[in-house]
Protein chains: 2
Amino acid sequence: MKGTMPTMKDVAQEAGVALGTVSKVFNGLPVGERYRVKVEAAAKKLGYQVNQYARGLRAGKTFTVALIVPGLDHPFFAALAQHTCTALAQRGHRMLVYVTASRPDIEQSCINMVRQNKVDGIIGLTYNPLELDESVPFVSIDRVLGPNIPCVAADNFGGGRAAAEKLIELGCRRLAFFRTGSASPSETDRRGDGFEAVCQRQGIPCHSIRLQDGDGMNAFKEFIHEHMSGGRSEIDGIFCSTDLLAWRIQHLLAEEGLRVPEDVQIIGFDGVRRFGGESLYCSTIVQPIQRMAETSVDLLLSKDRSNIPALVCLPVSYAPGGTTKE
Amino acid sequence: MKGTMPTMKDVAQEAGVALGTVSKVFNGLPVGERYRVKVEAAAKKLGYQVNQYARGLRAGKTFTVALIVPGLDHPFFAALAQHTCTALAQRGHRMLVYVTASRPDIEQSCINMVRQNKVDGIIGLTYNPLELDESVPFVSIDRVLGPNIPCVAADNFGGGRAAAEKLIELGCRRLAFFRTGSASPSETDRRGDGFEAVCQRQGIPCHSIRLQDGDGMNAFKEFIHEHMSGGRSEIDGIFCSTDLLAWRIQHLLAEEGLRVPEDVQIIGFDGVRRFGGESLYCSTIVQPIQRMAETSVDLLLSKDRSNIPALVCLPVSYAPGGTTKE
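These lines cover the structure that appears in this document, whether it is placed above or below. (Residues numbered from 1 in each chain as written. Chains lettered and ligands numbered in written order. Predicted model: local features only at pLDDT ≥ 70, side-chain atom pairs only at ≥ 80, totals over all residues. Heavy atoms only, no water.)

1. Quick word on the overall build of chain A
Spelled out, the test is: Comment: elements are numbered from the N terminus, with helices defined as DSSP H or I runs of at least four residues and strands as E runs of at least two. We compute the radius of gyration over the C-alpha atoms and compare it with the globule rule, which gives 2.2 Å times the number of residues raised to the power 0.38. Burial here depends on accessible area, computed with a 1.4 Å probe over protein chains only, as a share of the maximum for the residue type. Under 20% is buried, over 50% is exposed, and the range in between is partly exposed. Residue contacts are defined here by distance: any two heavy atoms, one from each residue, within 4.5 Å place the two residues in contact. For the area figures, the Shrake-Rupley method with a 1.4 Å probe applies, and any residue is considered shielded solely by the protein chains shown.
A tally of regular secondary structure across chain A gives 11 helices and 14 strands. Computed over C-alpha atoms, the radius of gyration of chain A comes to 25 Å, more than 25% over the 20 Å expected from 2.2 N^0.38 for 326 residues, which places it beyond the range of a compact globule. In chain A, which comprises 326 residues, the proportion classed as buried is 52%. In chain A, of all internal contacts separated by at least 6 residues, the share reaching a separation of at least 24 is 68%. Approximately 14400 Å² of chain A is accessible, and the part contributed by carbon and sulfur atoms is 50%.

2. Re the relation of the copies chain B and chain A
Copy one and copy two of the chain differ by a rotation about a common axis and a shift along it. Applied cut-off: All copies are superposed by least squares; the fitting set is the C-alpha atoms of residues with a pLDDT of at least 70 in both.
For the match of chain B to chain A, the screw axis carries a shift of 0.1 Å, the RMSD comes to 0.1 Å, and the turn is 180°. When the rotation and shift are considered jointly, the pair of chain copies conforms to a two-fold rotation axis. Proximity to the rotation axis, assessed at the C-alpha, singles out leucine 96 of chain B in chain B; its C-alpha lies 2.2 Å from the axis.

3. Points about the packing of aromatic side chains
For any two aromatic rings, the description comes down to two numbers: the centre-to-centre distance and the angle of the planes. Test applied: Only centres within 6.5 Å qualify two rings of Phe, Tyr or Trp (six-membered ring in Trp) as a pair; their planes then separate them into stacked at under 30 degrees, edge-to-face at over 60, and tilted for everything else. Over a ring means this: the NZ of a Lys or the CZ of an Arg is within 6 Å of the ring centre and within 35 degrees of the ring normal.
In the structure shown here, the tally under the stated rule is 20 aromatic pairs over all chains. Aromatic side chains phenylalanine 275 of chain A and tryptophan 247 of chain B sit 5.9 Å apart centroid to centroid with 55° between the ring planes, which places their arrangement in the tilted category. Residue phenylalanine 275 of chain A is found in the loop between β11 (265-270) and β12 (284-286), and its partner tryptophan 247 of chain B is found in helix α10 (residues 243-255); the two belong to separate chains. Assessed through its relative accessible area of 6%, phenylalanine 275 of chain A is described here as buried. Judged by relative accessible area, tryptophan 247 of chain B falls into the buried class, the value being 7%. Seen from their ring centres, phenylalanine 76 of chain B and phenylalanine 77 of chain B are 5.9 Å apart, and the 70° between their planes marks the pair as edge-to-face. By relative accessible area, phenylalanine 76 of chain B is classed as buried at 5%. Assessed through its relative accessible area of 12%, phenylalanine 77 of chain B is described here as buried. Site record: aromatic cluster; members linked through ring pairs are Phe177, Phe195, Phe239 and Phe269 of chain A. Here arginine 34 of chain A stacks its cationic end above the ring of tyrosine 35 of chain A, 5.0 Å away from the centre of that ring.

4. Overview of the interface of chain B and chain A
The test is simple: Note: buried area is the sum, over both parts, of the accessible area (probe 1.4 Å) each one loses when the two are combined. For salt bridges, the criterion is a side-chain nitrogen of Lys or Arg within 4 Å of an Asp or Glu carboxyl oxygen.
Contact with chain B, which involves 41 residues of that partner, is made by 41 residues of chain A. Surface buried jointly by chain B and chain A totals about 4100 Å² across both partners, of which 61% is contributed by carbon and sulfur atoms. Applying the counting criterion to the chain B and chain A interface returns 2 salt bridges. Note that arginine 248 of chain A and glutamate 278 of chain B form a salt bridge whose closest N and O atoms lie 2.4 Å from each other. Only α4 (52-59), α5 (75-90), β2 (94-99), α6 (104-116) and α10 of chain B provide two or more residues apiece to the side of chain B that touches chain A.

5. Remarks on the nonpolar core
The criterion, for reference: Here, nonpolar core refers to any group of buried Ala, Val, Leu, Ile, Met, Phe, Trp, Tyr and Cys residues whose side-chain atoms link them within 4.5 Å.
Counting residues in hydrophobic clusters, the biggest one holds 104 residues, and the most contacted among them are Ile238 of chain A together with Ile238 of chain B. Residues in contact with isoleucine 238 of chain B, not counting those within four places in the same chain, are Leu167, Ala176, Phe178, Phe220, Ile249, Leu253, Val264, Gln265, Ile266 and Ile267 of chain B. In this structure, Cys110 and Phe138 of chain A together with Ala66 and Ile68 of chain B belong to the second largest nonpolar core, which totals 26 residues.

6. Section: the environment of lysine 325 of chain A
Residues and elements named next belong to chain A. Looking at where lysine 325 falls in the secondary structure, it is placed in the segment after β14 (317-319). Overall, the relative accessible area of 47% leaves lysine 325 in the partly exposed class. Put simply, lysine 325 and serine 283 are 42 residues apart on the chain and 9.4 Å apart in space, counted from C-alpha to C-alpha. Contacts of lysine 325, omitting those with residues within four sequence positions, involve Leu170, Pro261, Glu262 and Gln265.

7. Some details on the pattern of salt bridges
Residue and element names in this part refer to chain B. Under the counting rule described, the total for this entry stands at 23 salt bridges over all chains. Across the pair glutamate 165 and arginine 201 runs a salt bridge whose closest N-O atoms are separated by 3.9 Å. A residue pair is termed long-range when its members are at least 10 positions apart, and glutamate 165 in helix α7 (residues 156-169) and arginine 201 in helix α8 (residues 190-202) qualify at 36 residues. On the accessibility criterion, arginine 201 (59% relative accessible area) is exposed.

8. Considering the sheet that holds strand β6 (residues 175-179) of chain A
Note: strands within a sheet are paired through backbone hydrogen bonds, in either parallel or antiparallel orientation. Residue and element names in this part refer to chain A. Our working definition: Strands are labelled as partners when DSSP assigns at least two bridges between them. Angles run from 0 to 180 degrees between N-to-C directions of axes, and those axes are lines fitted to C-alpha atoms, restricted for helices to the stretch in contact.
As summarised here, the arrangement of the 6 strands in space is β7-β6-β10-β11-β12-β14, forming an open sheet in which the pairing is mixed. Lying at the two open borders of the sheet, with one neighbouring strand each, are β7 (206-210) and β14. On average, adjacent strands in this sheet sit at an angle of 20° to one another, irrespective of strand direction. Alignment of strand β10 (residues 237-240) against β11, held across 3 bridges, turns out to be parallel. Bridge pairing links phenylalanine 239 to isoleucine 267 in β11. Across the face of the sheet, helix α10 (residues 243-255) comes into contact with β6, β10, β11 and β12 while running at roughly 155° to β11.

9. Section: the environment of alanine 78 of chain B
Along the chain, the position of alanine 78 of chain B falls in helix α5. The class for alanine 78 of chain B is buried, based on a relative accessible area of 3%. Separated by 198 residues in sequence, alanine 78 of chain B and glycine 276 of chain B place their C-alpha atoms 8.5 Å apart. Sequence-distant contacts of alanine 78 of chain B, defined by excluding residues within four places in its chain, comprise Leu72 and Ala78 of chain A together with Leu72 of chain B.

10. Quick notes on α7 of chain B
All names here are of chain B. This is how it is decided: Working rule for helices: expected span equals 1.5 Å times residues minus one.
When the terminal C-alpha atoms of α7 are compared, their 20 Å separation across 14 residues agrees well with the 20 Å that a helix rising 1.5 Å per residue should span. All of the buried residues in α7 are Asn156, Gly158, Gly159, Gly160, Ala163, Ala164, Lys166, Leu167 and Ile168. In the segment just after α7, glycine 171 is the residue with positive phi, at about 100°.

11. What to know about empty space enclosed by the protein
The test is simple: Using protein atoms alone on a 1 Å grid, points that fit a 1.4 Å probe yet trap it form a cavity, whereas open point sets bounded by protein on both sides within 12 Å along at least five of seven lines form a pocket; residues with an atom within 4 Å of a point count as lining. Grid points are joined across faces, edges and corners, and a volume is the space filled by probe spheres set on the points. For this classification, the nonpolar set comprises Ala, Val, Leu, Ile, Met, Phe, Trp, Tyr, Cys and Pro, the charged set comprises Asp, Glu, Lys and Arg, and every other residue, Gly included, is treated as polar.
By the definition in use, this model includes 2 cavities of 30 Å³ or more. Its boundaries defined by the atoms lining it, the largest cavity holds a volume of some 40 Å³. Surrounding the largest cavity, Ile111, Arg115, Ile122, Leu132, Asp133, Ser135, Val136 and Phe138 of chain A form its lining. For the lining of the largest cavity, the residue count by class is 5 nonpolar, 1 polar and 2 charged. Lining the second largest cavity we find Ile111, Arg115, Ile122, Leu132, Asp133, Val136 and Phe138 of chain B. Considered class by class, the residues forming the lining of the second largest cavity number 5 nonpolar, no polar and 2 charged.

12. Some points on the sheet that holds strand β7 (residues 206-210) of chain B
All names here are of chain B. Across the sheet, which stays open at both edges, the 6 strands sit in the order β7-β6-β10-β11-β12-β14 with mixed pairing between neighbours. The open sheet has two free edges, formed respectively by β7 and β14 (317-319), since each of these has just one partner strand. Across the sheet, the mean angle separating the axes of adjacent strands is 20° when strand polarity is ignored. Here α7 sits on the sheet and contacts β6 (175-179), β10 (237-240), β11 (265-270), β12 (284-286) and β14; the angle it forms with β11, its principal contact strand, is near 165°. Across the sheet, helix α9 (residues 216-226) lies against β6, β7 and β10, angled at about 170° from β6, the strand it touches most.

13. What about the state of the cysteines?
Stated formally: Note on terminology: disulfide denotes any pair of cysteine sulfur atoms within 2.5 Å.
Scanning the model with the defined rule gives 0 disulfides over all chains in all. Among the cysteines around cysteine 110 of chain A, which has no disulfide bond, cysteine 85 of chain B carries the closest sulfur, lying 7.9 Å off. Classification of cysteine 110 of chain A as buried rests on a relative accessible area of 3%. Not engaged in a disulfide, the cysteine cysteine 206 of chain B finds its nearest cysteine sulfur in cysteine 199 of chain B; these two sulfurs lie 4.0 Å apart.

What follows is the structure in structure tokens.
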């Protein structure tokens, strides 16, 4: 046997089964359990390695899923990629990664490349309008892309509502919501919607401000200066669309001599942790990143595609992280 | 044309070239520039999509590289994966990711899976002894695995030396080096070696301590208690094998009422930043993560494998991050 690679025929002979049975086992098709055991034992004994390429061509499957994300350097995307990779591996699939820097041209070219690569599906966290066809199953994170593309997101509206309720419960009476990021519509817009809905219902004044990507932090400083009265901030509670923004705002408030959480309380959104698993950056609404990854993978690999939901919102939770009075 | 997928033959006819020329272009083989342009224009016009699977079978190439890392949730690994993905994309390759949690069984099973998947190469950051064959090119990060497996690392020895020189330059006279992590040998061990070499040469006393993964932080606290004298720390400079350890030690010193950097100065190793691109966690020796990724990719895809180095060490740099007197 040395020097020649064993073939499927060799495995069939060793296992004492028909060649078609071996083929079924290697292609993941249904076959009696005792046949499967025999074939796998024979394959192991002979050192037979399934050629995934030939297998892919025969079965029309590649057991490969592409993940398209803006980058891996932000801890939210890194955690999403980590959990997606693990969920796919548990289901016998491998993960290709494409990074886009949120640029529309790179996002579209990734989609085009992935199509050529004949993957079994795509999980995408994208920011721009895309040309998609339905040849490859697609699950979108945080953005509704079209009628046949399920979207998986955190319960952003519920998270925004929880943030407002928590700040009010902790004594805040003049609130502000700040957001950054893409102007194109996204499920993450619901964070502000939920926050504002509670403020309105409870009659709590609330500013809602979108900070531009470039000079957003200067605009924030101006806002704070305009809302100072007798050396004190009129705003006593701030909700931020992300933990990164909450972290930046926390530092700017310190520069202005305002104490967090004594003078101003802050709640962010994401729930990312230092070094991936240490402390939170701020009090925050925690996204269920692992469940989002697993749900995306399950929807993508689902065999029955007749009953796929358009949008799945997964529950969030509040966690104190030092920027609130708990 | 609608309804049927165009074939290579259609592309050849449209371009007015031989079928073999089209095949060469799609398989990345040398062909005259004007032929290449013609073929690509025809392929684009017809909407021809290269079937990567068929292409892979024909050329014996998959244009796919596997990256094996402990996880994506630590910012060093996340940055490494990000830069590796970009470097591969720039060279026409795509990246599969496997995460191992540093477990020996998962590391070995990833290697076995990757072999079956017929990738063009593997870039691995692994911690345990592995069974490898030479059927698939392999580049190892931070660990020398064998004679025909090039290893890419930061200049760990030089970084350790730079940390000692910087602490001494900033006035420290009683130093300590702390490390955590795997006990199996790695290029990262050179960090301590370089640090100790400078201390010895300059006659500066230096403790060198390996903290166990579980109760390491308690062992650190005991060490600090043993080296207090009249409410002050005898140790005035600490070098840590990672930024994470430096960050933890900084917090433990604060709990003990010691001020950083006034009483104790700390230098870490890695150079990772909050949220991937914000401030450093501590004063640190910065690893050239992007260059490490690019060098690994270049070594892996190098056509001439007769002159591959065993170990490539890339230059590091010191960056102040608040835990030293600059």
